[in-house]
Amino acid sequence: MTAIGPYKFLFNPYKKDLILSIDGGGMRGIIALAILCWLEEQADKPAYELFKLVGGTSTGALICAGLGLGMSAREIMDEVYRLRLPQAFGRAKRLRWLRFLLNGMRHLYPFRPFLKALGPLGEGKRLKDIDALGILLTTKDLRTSSTYYIINVGPGAPLFAEWPLAGAVASSVAAPMFFAPVQGNLVDGGVGSFGNPCLATAVEAVEYLGMRAENLIHISLGNGYQSNMQTEGAGKGFWLKTWVEYLIHEGMDDATMQQVYMTRAIYRTMDFRRYNPALTRQNIEHNLELEVGDVDPAALALDSCAEEELELMERIGYAYASKIDWMKERALPWNTIGGHAEPGYEHTDWSNSPFAAQRF
């Protein structure tokens, strides 16, 4: 790691407790990991030493599990996301549609290569074995339609102490259509409202672990924002497939922002900071000053694993982290260079509409 001195990187000058939450996003987790790698280099400490509690959904759960085992963000990046996962996805990706048809269109990928790719996370560890810091993972139980908050510390820990760590991570990662539900019951924690687990992490920290909101800095990391905005009049051509894709994307976007606003509203004294870069060519080339090449940032997917895609995602995370004003309290993405724009409403031109003369 490259240290730059304790007085040159003062994003926590008042020595507050730090907590972290990381969204889902599949292989785009490399973006959040790169931000953490940058923080490690500036602080000259591994990320698990910076935070008291880390909460994650799906790929965020995988990252948090690694931190809980005492792996640095750089180790997770190099050993899991850059080496093992691309091999697992790459081999399975070539036959994913054939497998999808043969298994009755249930899921694209088998779990076995993914579990092997977890490396140190899959080597017989249980939740009770995690002692580097507190971790919180989310998963949805189809039997009860409830979200479980898998935790290794505090009053909820005994419920999950004997859970295999690999099983807990797989439960949070099991995105519908990508993987089969774990034991036929547990699916991605992002099914519902917790693709962004910032509120769950804040509640756990304050209400169950006794941390004081006014003494917390909460770093919330997204894995890149892909806009769901449509061109003028596009809705006229929507059909079943288009509507399904739009509604899924829009529901996930709304849930993510809902968690941000609720966390800020409930814990007003907490220094809550949300960071998420916009994955558009214009933003990355002009604001983050990176060459994109032939990769379309807006098309980066949960299973993107080509070397040029991995390289770009890591560079995006580093470039974005380097442009954040880490002294800015209560930051939101639209207050950061390269972050996604503030959600808003565009005025509709009714001048040529058959409803123009109607009163509403």
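Computed from a predicted structure; not experimentally measured.

Procedures and definitions
- Residues numbered from 1 in each chain as written.
- Predicted model: local features only at pLDDT ≥ 70, side-chain atom pairs only at ≥ 80, totals over all residues.
- Heavy atoms only, no water.
- Axes fitted to C-alpha atoms, helices over the stretch in contact; angles between N-to-C directions.
- Helix = DSSP H or I, 4+ residues; strand = E, 2+ residues; numbered from the N terminus.
- Parallel < 35°, antiparallel > 145°, perpendicular 65-115°, else oblique.
- Left-handed = near helix turned anticlockwise from the far one by under 90°.
- Contact = heavy atoms within 4.5 Å.
- 1 Å grid on protein atoms, 1.4 Å probe; cavity = no way out; pocket = protein on both sides within 12 Å on 5 of 7 lines; lining within 4 Å.
- Points joined across faces, edges and corners; volume = space filled by probe spheres on them.
- Phe/Tyr/Trp six-rings, centres within 6.5 Å; stacked < 30°, edge-to-face > 60°.
- Buried < 20%, exposed > 50% of the residue type's maximum accessible area, 1.4 Å probe, protein only.
- Nonpolar A, V, L, I, M, F, W, Y, C, P; charged D, E, K, R; others polar.

Some words on the packing of helix 1 (residues 29-43) against helix 12 (residues 307-323)
At a closest axis distance of 7 Å, the pairing of helix 1 and helix 12 adopts a crossing angle of 50 degrees. The orientation of helix 1 with respect to helix 12, classified from their angle, is oblique. As for the relative orientation of helix 1 and helix 12, their crossing is right-handed in sense. Contact residues: Ile30, Ile31, Ala34, Ile35, Cys37, Trp38 and Glu41 in helix 1; Leu310, Met313, Glu314, Ile316, Gly317, Tyr318, Tyr320, Ala321 and Ser322 in helix 12.

A short note on empty space enclosed by the protein
Under the defined criterion, the tally for this structure stands at 2 cavities of 30 Å³ or more. Roughly 160 Å³ of volume is contained in the largest cavity. Surrounding the largest cavity, 15 residues form its lining, Gly26, Phe89, Val173, Phe179 and Leu302 being those nearest its centre. Of all the secondary structure elements, the ones that give two or more residues to the lining of the largest cavity are helix 3 (59-68) and helix 4 (73-93). A total of 3 residues in the lining of the largest cavity trace back to one element, the largest contributor, which is helix 4.

Concerning the packing of aromatic side chains
Following the criterion strictly, the structure yields 8 aromatic pairs and no others. Ring geometry for Phe160 versus Trp163: centroids 5.2 Å apart, planes at 80 degrees, classification edge-to-face. Of the residues examined, Phe160 reaches a relative accessible area of 9% and is grouped as buried. Ring geometry for Phe238 versus Trp243: centroids 4.7 Å apart, planes at 80 degrees, classification edge-to-face.

Some remarks on the packing of helix 9 (residues 198-208) against helix 10 (residues 240-266)
Remark: helix 9 packs on helix 10, axes separated minimally by 8 Å, with the N-to-C direction vectors making an angle of 30 degrees. With respect to their mutual orientation, helix 9 and helix 10 come out roughly parallel. Here Cys198, Leu199 and Ala202 of helix 9 come into contact with helix 10, specifically with Gln259, Val260, Met262, Thr263 and Ile266. Along the lines of polarity and charge, the residues of the contact of helix 9 with helix 10 split into 6 nonpolar, 2 polar and no charged.

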